[in-house]
Amino acid sequence: MLRRGGTHFVVGYGGKLEVPTVQMIFNEMAIAGSLVGNYTELVELMDLNARGLVKVHTRQYRLGQINQAIDDFKNRRYIGRAVIIP
């Protein structure tokens, strides 16, 4: 799903990522991890969310709506995070 020279950012914990290395090399792709806070803070945040004490704002787009998602991002039409659903 990345263009040539694109970067895939992994935010948070858990899961598994498998990418064929030959694809990464030929397409000059990069994978980067981003950690904000620590694991204890993440657990506390998820607990607050589960108890309804914080609200996570997201907008979901289907993969077929990717151009709309990009346009909305460029024009700041959503609050919080945009999530692309394959």
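Computed from a predicted structure; not experimentally measured.

Concerning the pairing of strand β3 (residues 58-62)
Across five bridges, the pairing between β3 and strand β4 (residues 81-85) is parallel. Counted as the bridge partner of Thr 58 is Arg 81 from β4. Where the polypeptide runs from β3 across helix α3 (residues 66-74) and back to β4, its parallel neighbour, the crossover connection is right-handed.

Focus on the pattern of salt bridges
Applying the stated criterion across every chain, the model contains six salt bridges. Glu 18 is the partner of Lys 16 in a salt bridge, and the nearest nitrogen-oxygen pair spans 3.4 Å. Accessibility expressed as a relative area gives 72% for Lys 16, which makes it exposed. On the basis of relative accessibility, which here comes to 64%, the residue Glu 18 falls in the exposed class. Linked by salt bridges that have partners in common, Arg 59, Asp 71, Asp 72 and Arg 77 make up one network.

Definitions and limits used
- Residues numbered from 1 in each chain as written.
- Predicted model: local features only at pLDDT ≥ 70, side-chain atom pairs only at ≥ 80, totals over all residues.
- Heavy atoms only, no water.
- Pairing = 2+ DSSP bridges.
- Helix = DSSP H or I, 4+ residues; strand = E, 2+ residues; numbered from the N terminus.
- Right-handed = clockwise from strand over helix to strand, strands pointing away.
- Salt bridge = Lys/Arg side-chain N within 4 Å of Asp/Glu carboxyl O.
- Buried < 20%, exposed > 50% of the residue type's maximum accessible area, 1.4 Å probe, protein only.

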